[in-house]
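# Structure at a glance
Now for the letters of each chain:
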Amino acid sequence: MGYLHLRSSPVSSVLPVLALRGIRKAYPGVVALDGVDLDLCAGEVHVLLGENGAGKSTLMKIISGAVARDAGEIRIDGAPVELADPRQAQALGIGIIYQEFNLVPQLSAAENIFLGREPLRLPGVIDQRRLLRDAQRQLDELGVAIDARAIVSRLSVAEQQMVEVAKALSLHARVLIMDEPTSALTAQEITELFAAIRRLRERGVAIVYISHRMEELFAIGDRVTVLRDGRHVGTRRIQETDMAELVRLMVGRELKDQFPKQRAAVGDEVLRVERLRRDGVLHDISFALRRGEVVGLAGLMGSGRTELARALFGADAIDGGRVFVHGAERRIGSPRAAIDLGLGFLTEDRKQQGLVLVLSVRENICLPSVGRWSRAGLVQTGRETDATARRIAELRIKTPGPEQRVGHLSGGNQQKVVLGKWLCTDADILIFDEPTRGIDVGAKVEIYQLINQLAARGAAILMISSELPEILGLSDRILVMHAGRIAGEFSAAEATQEKLLAAALGRN
Ligand SMILES: Nc1ncnc2c1ncn2[C@@H]1O[C@H](COP(=O)(O)OP(=O)(O)OP(=O)(O)O)[C@@H](O)[C@H]1O
Ligand SMILES: [Mg+2]
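Residues numbered from 1 in each chain as written. Chains lettered and ligands numbered in written order. Predicted model: local features only at pLDDT ≥ 70, side-chain atom pairs only at ≥ 80, totals over all residues. Heavy atoms only, no water.

### Overview of the overall build of the protein
Helix and strand content of the protein: 18 helices and 24 strands. Computed over the C-alpha atoms, the radius of gyration of the protein is 24 Å, within 12% of the 23 Å expected from 2.2 N^0.38 for a compact globule of 508 residues. Here the protein holds 508 residues, and the buried ones make up 53% of them. If you take every contact in the protein between residues at least 6 apart in sequence, the share linking residues at least 24 apart comes to 67%. Total accessible area on the protein is roughly 22000 Å²; 50% of this is exposed by carbon and sulfur atoms. Looking at the protein, you have 66 positive and 64 negative side-chain charges, and the mean spots of the two groups are 1 Å apart. (Helix = DSSP H or I, 4+ residues; strand = E, 2+ residues; numbered from the N terminus. Rg over C-alpha atoms; globule rule 2.2 N^0.38 Å. Buried < 20%, exposed > 50% of the residue type's maximum accessible area, 1.4 Å probe, protein only. Contact = heavy atoms within 4.5 Å. Areas by Shrake-Rupley, 256 points an atom, 1.4 Å probe, with all protein chains shown as cover. Lys, Arg positive; Asp, Glu negative; His and termini not counted. Charge placed at Lys NZ, Arg CZ, Asp CG, Glu CD.)

What follows is the structure, given as structure tokens:
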């Protein structure tokens, strides 16, 4: 028992809870996994690292019974197992928390935790008191302040995630997989999640943690395994490696400059916002964007950054203020009107607003341009094909071809398609909301270079990001929002993390 809790014990001497050998999985045109080995030990946080499309999610779907492997062996406590479907994996103690949760929004946290396994008072009659009590205990053990009676749709993303964790624990999960759990969480919520993860580790759960935020793995990981192009390229103890080595393993080369900022010539004003207001959400917002400028928009989650972007793009109505596009006052009543005026908006929520998952890469990339490229209602397929091929190459989108369904791409590659979509338009006022969320370190640099190119081409870019290094590394000018207002404006030269944070917290 004791050795599970001793962090200094050599992990390799412990029989792994779960051992994978030679796991292989191919899809039409892609070898997603090519002979992967992985050992997960009780009481460790095992980070899985790799570029977009490296095979991380596929490997986890195989462990959780959602995807069938083509070859390879899976052992639990040394004994071979099949894992033919999610139920079987669950019964064997494997839980997975997907980024898109599987909760029923209309039900309470308690009902979700015990869905299909509700304690009964009489045959067919649910024991509500026990249901609540047991669910509350699971939540309390995680150290989160969530009322088991709360309806899931009213909980924050972070709370919903905790309900998922509680559910996995109530199923006695010994292996818990978290695939990019922090991508929609605030800094405070991440701290709470990490505290919960540490408690699980103390209890001997083996945790697989996937994230593209490199700093997180040093904060929470015990060991890290790197996948590249579906192959296992190395496993290290966190204390015995560093960022440079991990990046080299991931991308197979050195990454010299994480933020390759190039300054473009700043030209005419393209957008001016005066005293914009959306009652209860945005107050007295004034700023301007000029050609060639990258303006960072910082702020905490909930500060109104996305709301501002949506209002500018005509997705939400405004209650007051004036907007000038290329010098002329405009009322932007809909996204269509915004697009016609040359605005582009890369949304933070690609699944809901950015992409049509059942359509192909080509169709998604060309969607906003269709009006421009069609002649008498006929789409010019040649132009579409050329444009798509160019984006796939430029953004290094990992896909067997332009006709692949976007839903079949890895998460990060879907995000690249969303970017490609706006690169194909002539939009010269671009609003990017968290453009590198879910994007691997190497591809981030490529996206930064594209942003530079867009600026050099004369576009104005408003970039919303929660990653301060990215804001600082890329912006010419930085606006900081707090409680629906612009709480600070800084030039690139004067801005520091501390100043941005102070403004974001409303302290100035
Ligand atoms: N259902 C599917 N059909 C076809 N190809 C698929 C399918 N699922 C995954 N793939 C492909 O398998 C490869 C690995 O994808 P996977 O989602 O495992 O990557 P990942 O490492 O999780 O990437 P990311 O960091 O972007 O989430 C990718 O090339 C992807 O396009
Ligand atoms: Mg993934």
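### Brief notes about the nonpolar core
Within the largest apolar cluster, 62 residues are counted, with the highest numbers of intra-cluster contacts made by Leu-271, Phe-287, Leu-289, Leu-308 and Ile-461. Looking at which element gives the most residues to this core, the answer is helix α16 (residues 441-456), with seven residues. Counting contributing residues per domain, this core is built from domain 2 (255-342 + 427-508) and domain 3 (352-425), each supplying no fewer than three. Setting aside anything within four residues of it in sequence, one finds Leu-308 in contact with Leu-276, Leu-282, Ile-285, Phe-287, Leu-297 and Met-481. Ile-97, Ala-109, Ile-190 and Ile-197 belong to the second largest nonpolar core, which has 50 residues in total. (Core = buried A, V, L, I, M, F, W, Y, C linked by side-chain atoms within 4.5 Å. Domains from an automatic or database assignment.)

### Topic: the pairing of strand β9 (residues 175-179)
A regular strand places its side chains so that they alternate between the two faces of the sheet. Counting buried residues along β9, five of its five residues qualify, which places the element largely inside the surrounding structure. Because side chains alternate across β9, one face comprises the buried residues Val-175, Ile-177 and Asp-179, and the other comprises Leu-176 and Met-178, equally buried. Examined bridge by bridge, β9 and strand β10 (residues 206-210) share five bridges and lie parallel to one another. Counted as the bridge partner of Val-175 is Ala-206 from β10. The β-α-β motif built from β9, the intervening helix α6 (residues 187-202) and the parallel element β10 has right-handed crossover chirality. (Pairing = 2+ DSSP bridges. Right-handed = clockwise from strand over helix to strand, strands pointing away.)

### Section: the pattern of salt bridges
Within the structure shown, the criterion is met by 33 salt bridges. Among the charged side chains, a network of salt bridges with common partners joins Arg-130, Arg-133, Asp-134 and Arg-137. (Salt bridge = Lys/Arg side-chain N within 4 Å of Asp/Glu carboxyl O.)

### Side note on helix α4 (residues 128-141)
In this model α4 runs 20 Å from its N-terminal to its C-terminal C-alpha over 14 residues, within 8% of the 20 Å that 1.5 Å per residue would give. Those residues of α4 that fall on the buried side of the exposure criterion are Leu-131, Asp-134, Ala-135, Gln-138 and Leu-139. Looking down the long axis of α4, one finds its buried residues gathered within 135 degrees of arc, a one-sided arrangement. Looking at α4, the residues exposed on the side facing more than 90 degrees away from the buried face are Arg-129 and Arg-133. Contacts made by the buried residues of α4 are with α3 (109-113), β8 (125-126) and α5 (157-170). Just past α4, the residue Gly-143 takes up positive phi, approximately 75 degrees. (Expected span 1.5 Å × (residues − 1). Arc of directions from axis to C-beta.)

### A look at the site of ligand 1
As a structural note, the neighbourhood of ligand 1 is formed by 20 residues, with Lys-56, Thr-58, His-212, Ser-410 and Gly-412 the closest of them. A distance of 3.5 Å separates an oxygen atom of ligand 1 from a polar backbone atom of Gly-411. Of all elements in the fold, only β2 (30-40), α1 (56-63) and α15 (411-423) reach the threshold of two or more residues within the shell around ligand 1. With three residues, α1 is the largest single contributor of residues to the shell around ligand 1. Grouping the amino acids of the shell around ligand 1 by side-chain chemistry returns five nonpolar, 11 polar and four charged. (Near = heavy atom within 4 Å. Polar contact = N/O pair within 3.5 Å; in protein donor to acceptor, adjacent residues only side chain to side chain. Nonpolar A, V, L, I, M, F, W, Y, C, P; charged D, E, K, R; others polar.)

### Observations concerning the packing of α15 against α16
Between two packed helices, the angle of one axis relative to the other and the distance separating the axes together describe the packing. For the pair α15 and α16, the least separation of the axes is 12 Å and the interaxial angle reads 10 degrees. Taken together, the axis directions place α15 and α16 in an arrangement best described as roughly parallel. For the pair α15 and α16, contact is made by Lys-416, Leu-419 and Leu-423 and by Ala-443, Glu-446, Ile-447, Leu-450 and Leu-454, respectively. (Axes fitted to C-alpha atoms, helices over the stretch in contact; angles between N-to-C directions. Parallel < 35°, antiparallel > 145°, perpendicular 65-115°, else oblique.)

### A few points about the domain arrangement of the protein
Annotation of the protein at the domain level lists domain 1 (2-251), domain 2 (255-342 + 427-508) and domain 3 (352-425). Between the C-alpha centres of domain 1 and domain 2 the distance comes to 35 Å. On the domain 2 side, the residues contacting the 14 residues of domain 1 number 11 residues. Approximately 940 Å² of surface area, both sides summed, lies buried where domain 1 meets domain 2, with 60% of it carried by carbon and sulfur atoms. Scanning the region where domain 1 abuts domain 2 turns up zero salt bridges. (Buried area = accessible area lost by both parts, 1.4 Å probe.)

### As for the environment of Thr-235
Relative to the helices and strands, Thr-235 is located in strand β12 (residues 231-237). Looking at Thr-235, the relative accessible area reads 29%, which means it is partly exposed. Spatially, the C-alpha atoms of Thr-235 and Arg-330 are 56 Å apart, while their sequence positions differ by 95 residues. Not counting residues up to four positions away in its chain, the partners in contact with Thr-235 are His-46, Arg-223, Val-224 and Thr-225. There is a polar contact of 2.8 Å between the side chain of Thr-235 and the side chain of Thr-225. A polar side-chain atom of Thr-235 sits 2.7 Å from a polar atom in the side chain of His-232.

### Some thoughts on the environment of Asp-476
As for its position among the elements, Asp-476 is in the loop between α17 (468-474) and β23 (477-482). A relative accessible area of 13% places Asp-476 in the buried class. Among the polar contacts made by the side chain of Asp-476, one reaches the side chain of Arg-263 at a distance of 2.9 Å.

### Describing the sheet that holds strand β5 (residues 79-81)
Strand pairing in a sheet is mediated by backbone hydrogen bonds. Such pairs are either parallel or antiparallel. An order of β2-β1-β4-β5 is seen for the four strands of this open sheet, with the pairing classed as antiparallel. The sheet is open, and its two borders are formed by β2 and β5, each paired with just one other strand. Across this sheet, the average inter-strand angle for adjacent strands is 30 degrees, counted without regard to direction. The pairing of strand β1 (residues 18-27) with strand β4 (residues 71-76) spans five bridges and is antiparallel. Along β4, the bridge assignment pairs Arg-21 with Glu-73. Its contacts with the sheet put α1 on β1, β2 and β4, and the angle it makes with β1 is roughly 115 degrees.

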